[in-house]
Amino acid sequence: MALINDWIYYSLAEVDSTNDAIKKYCENSGKKIVLSAQKQTAGRGRRGRNWCSLNGNLFFSMAFEYDIREAGKLSFISSLSLLQALKSLSPVADILLKWPNDVLLNQAKVSGILLEKGNGAYIIIGIGVNIARSPQLQDSVYKTVSLADAAVKSTPAEVLSLFMKHFLQNLSLLQTKGFAVLRDEWLKYAKNLGQEIIVRQNGKTEKGIFEGIDEDAALLLKTSAGQKRILAGDIFFDEIKENE
């Protein structure tokens, strides 16, 4: 156990899921916790999908008390913070953001972020980053990539440290300045902003122009029937299927 600023940090050899493992450390109210693992045997992504956890990659979760009504905004600052961390490693790298919380490197998925409700008022944010290796999934045409694939040299410990630096800065901004300033920064890197995208939710598919995100972190989609607010769904570009 160590400290990252005023956060308690646990580094474990192996867990099933860092999101599950961190829950037992959330029993005492008020603690802010980060937990990472060298190996994750049952990682999971959004909408119950599996997360392929390869050796040499980064797997960690954060847990802290936060207003559940504002949890969606934490998803955005998490992906923005990870982009900023990776940009500090390679300023010229092609890194973009995909709503709601994916980070794309060279047009392929380099990370996954999963928010879950913890005990009491705790929010848990689980993050996986492909550093040394990227999974090759036969049932998906959506590409994955690792930092190593893009010739970005780093380690799980370095990426975690850089992420926490930017996340704490952005969390402070969110609490003191509000969401708008972070939303504007996120949109600077948003893939296909102002262009056509495909949204799939609950078995339905809809095309429209990605106009931005609102104060509640909902996606704004311009359609033939007018602007629509999308609270949850999967985003596609050029009919490329994604794996999360």
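What this report covers is the structure whose coordinates are included nearby. (Residues numbered from 1 in each chain as written. Predicted model: local features only at pLDDT ≥ 70, side-chain atom pairs only at ≥ 80, totals over all residues. Heavy atoms only, no water.)

1. Re the pairing of strand β3 (residues 33-40)
Then step 1. Where burial is concerned, most of β3 is hidden: six out of the eight residues are buried.
Then step 2. Here strand β2 (residues 7-15) pairs with β3 via seven bridges, running parallel. Among the inter-strand pairings, S11 is bridged to a residue of β3, identified as S36.
Then step 3. Two strands pair when backbone bridges link them, and β3 and strand β4 (residues 58-65) are joined in this way by five bridges, in the antiparallel orientation. Counted as the bridge partner of S36 is F60 from β4. (Buried < 20%, exposed > 50% of the residue type's maximum accessible area, 1.4 Å probe, protein only. Helix = DSSP H or I, 4+ residues; strand = E, 2+ residues; numbered from the N terminus. Pairing = 2+ DSSP bridges.)

2. Points about the pattern of salt bridges
Then step 1. Counting across every chain of the model gives 12 salt bridges.
Then step 2. Across the pair D102 and K109 runs a salt bridge whose closest N-O atoms are separated by 3.5 Å.
Then step 3. In this structure D102 comes out as buried when scored by relative accessible area, which is 1%.
Then step 4. Taking relative accessible area as the criterion, K109 reaches 3% and is therefore assigned buried.
Then step 5. For D216, the salt bridge identified is with R229, shortest N-O distance 3.6 Å. A residue pair is termed long-range when its members are at least 10 positions apart, and D216 in the loop between β11 (204-213) and β12 (219-223) and R229 in strand β13 (residues 226-230) qualify at 13 residues. (Salt bridge = Lys/Arg side-chain N within 4 Å of Asp/Glu carboxyl O.)

3. Points about the side chain of S75
Then step 1. Summarising the element assignment, S75 is placed in helix α2 (residues 71-89).
Then step 2. Here S75 falls in the buried class, since its relative accessible area comes to 8%.
Then step 3. Among all residues touching S75, those that are not within four sequence positions of it are P100, N101 and L115. (Contact = heavy atoms within 4.5 Å.)

4. Details of the environment of L168
Then step 1. Among the secondary structure elements, L168 is positioned in helix α3 (residues 156-177).
Then step 2. For L168 and S81, which are 87 residues apart along the polypeptide, the C-alpha to C-alpha distance reads 8.7 Å.
Then step 3. Apart from the residues within four sequence positions on either side, L168 is in contact with N5 and W7.

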